[in-house]
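# Understanding the architecture of this molecule
These are the residues of each chain, in order.
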Amino acid sequence: MSKPDFPKSFIFGTATASYQIEGAAREDGRGESIWDRFSHTPGKTHDGETGDVACDHYHRLDADIALMKELGVQAYRFSIAWPRIIPDGEGAVNQKGLDWYARLADKLLAAGITPFATMYHWDLPQALEDKYGGWRSRRTAEAFARYAGVVVAHLAGRIRHWMTLNEMPCIIFLGHKSGFHAPGAQEPDKVLNQIQHHCLLAHGYGVRAVREHGRRHCRVGVVHNPGIKVPVWETPEHVAAARTAFEATNLGLLAPLARGAYAEAWLKEAGPNAPQVEPGDLELISSPTDFIGLNVYGGSFTQAAEAPQGYRVLDFPPSYPHAHADWIKIVPQALYWGVRFLHEVFGYQKVYVSENGCAMDDRLADGEILDTDRMMYYRQYLRAAARAVAERLPLKGYFAWSLMDNFEWAYGYSHRFGLYYTDFQTQERTAKLSARYYAACIAARRVL
Ligand code: FCB
């Protein structure tokens, strides 16, 4: 047999987020989050759906960890709900919240699964939104610093892998520009840039919390969804064009994170809307991290061009293959180029694909979901991961999004991303064909 595609040390996992799966929205002292408020506001989510119950994961830990065992994953990425830990964002700590995550981690460890905890996956305590304007205010980043310190201090004995904020672009643009996500705001650029700065600061505080309260063996990084530019085909000129485009597109967040300064070009474009920065902020923001989490769903084709910037990003034709969630164009190479450019352009020495997956139009028939479409998607993206590994790029793990169908934000329950099908009436989970496929690949350490 030839060498496997993925070495033993490569981590396969699956990912979820608190508000999308836990339910138990009013239990054990949990405070209100901006997603509770938003989803309960008429007209904001598909059919007015909310995460009140979601997958009821809060009460089904054992059964859900059994699913992970069945997949054979080595790791599980979940997020900690800030409003369970500090219900009003900055006041008293709720021991019951900490206990629940400690229990989750213990059960994972007992099952031989390594926990990867995200500190913030969008469920901001509503009290911080009401009091300070949420991420518009530096106070929220400071409240996050305390929250991060509390969770790391209590959980670092069990959880060694920490992820700070999930997908800052979504917090900034979906939350505060289009208003498609909570808190549903529409702010001008000046405010958006300040929100960005506060998110970056919070990340820096998260890293600091891990260094201060974590044991020496703890690892930390951010989870990002950069705009991935894929060479239209792989000749040196198009590769160079895609690299230039990747850098230009992603400077806003990656320059402060990876280079310790806002990029000249970005500041010039922001002009009078540039954020207010205090002394020491950029040192904190660029604190050395151990890895970066890359969330990858699609990407865009980029061509060398006469244009002054040297490239052209192509629009997709209407019939370009996409998932049921039509924002997901099927561009498997994006995984490879995302990893490669994060490494080559921004110097990241360790990358985990922290999310990859798709929503398909799943049909339960005779107790089965034969989602060959999702399987095709996973196969192609896993091939791109295998290529990255074969070329010795620093890709160390891969997390499929998601363990089970769950509350897909503004799309409610209409978009199913799971490896397991969730019946939201009975809470029964059923393995889709793609779950069996992923398990087989994990067992073989190959793309099958
Ligand atoms: C990402 C989010 C995740 C999930 C997937 C489909 O942007 O991080 O929570 O909604 O998309």
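As a reminder, the structure under discussion sits directly above these lines.
These lines cover the structure that appears in this document, whether it is placed above or below. (Residues numbered from 1 in each chain as written. Predicted model: local features only at pLDDT ≥ 70, side-chain atom pairs only at ≥ 80, totals over all residues. Heavy atoms only, no water.)

This next bit is on the packing of helix α13 (residues 333–346) against helix α14 (residues 372–390). The description of two packed helices rests on the angle between their axes and on the distance between the axes. Contact pair α13 / α14: the axes reach a minimum separation of 7 Å and the direction vectors enclose 35°. Here α13 runs over α14; the crossing is right-handed. Within the contact between the two elements, α13 uses Leu335, Tyr336 and Trp337 and α14 uses Tyr381, Ala384, Ala385, Arg387 and Ala388. Residue composition of the contact of α13 with α14, grouped by class: 7 nonpolar, no polar and 1 charged. (Axes fitted to C-alpha atoms, helices over the stretch in contact; angles between N-to-C directions. Helix = DSSP H or I, 4+ residues; strand = E, 2+ residues; numbered from the N terminus. Left-handed = near helix turned anticlockwise from the far one by under 90°. Contact = heavy atoms within 4.5 Å. Nonpolar A, V, L, I, M, F, W, Y, C, P; charged D, E, K, R; others polar.)

Two numbers describe how helix α9 (residues 189–213) lies on helix α10 (residues 236–259): the axes approach to 11 Å, and their chain directions differ by 35°. Considering only the axes of α9 and α10, their crossing is right-handed. For the pair α9 and α10, the contacting residues are Gln196, Leu200 and His203 in the first and Gly252, Leu253, Pro256 and Leu257 in the second. Along the lines of polarity and charge, the residues of the contact of α9 with α10 split into 4 nonpolar, 3 polar and no charged.

Below, the discussion takes up the sheet that holds strand β9 (residues 311–313). Across the sheet, 3 strands lie side by side as β6-β8-β9; this open sheet has mixed pairing. Strand pairing shows two members of the sheet lacking a second neighbour, β6 (229–231) and β9, which therefore form its edges. Mean inter-strand twist for the sheet, computed between neighbouring axes without regard to direction, equals 40°. The pairing of strand β8 (residues 300–304) with β9 spans 3 bridges and is classified as antiparallel. From the neighbouring strand, Ala304 faces β9, where its bridge partner is Tyr311. Strands in contact with α13 are β6 and β8; relative to β6, the strand with the most contacts, it is inclined by about 105°. (Pairing = 2+ DSSP bridges.)

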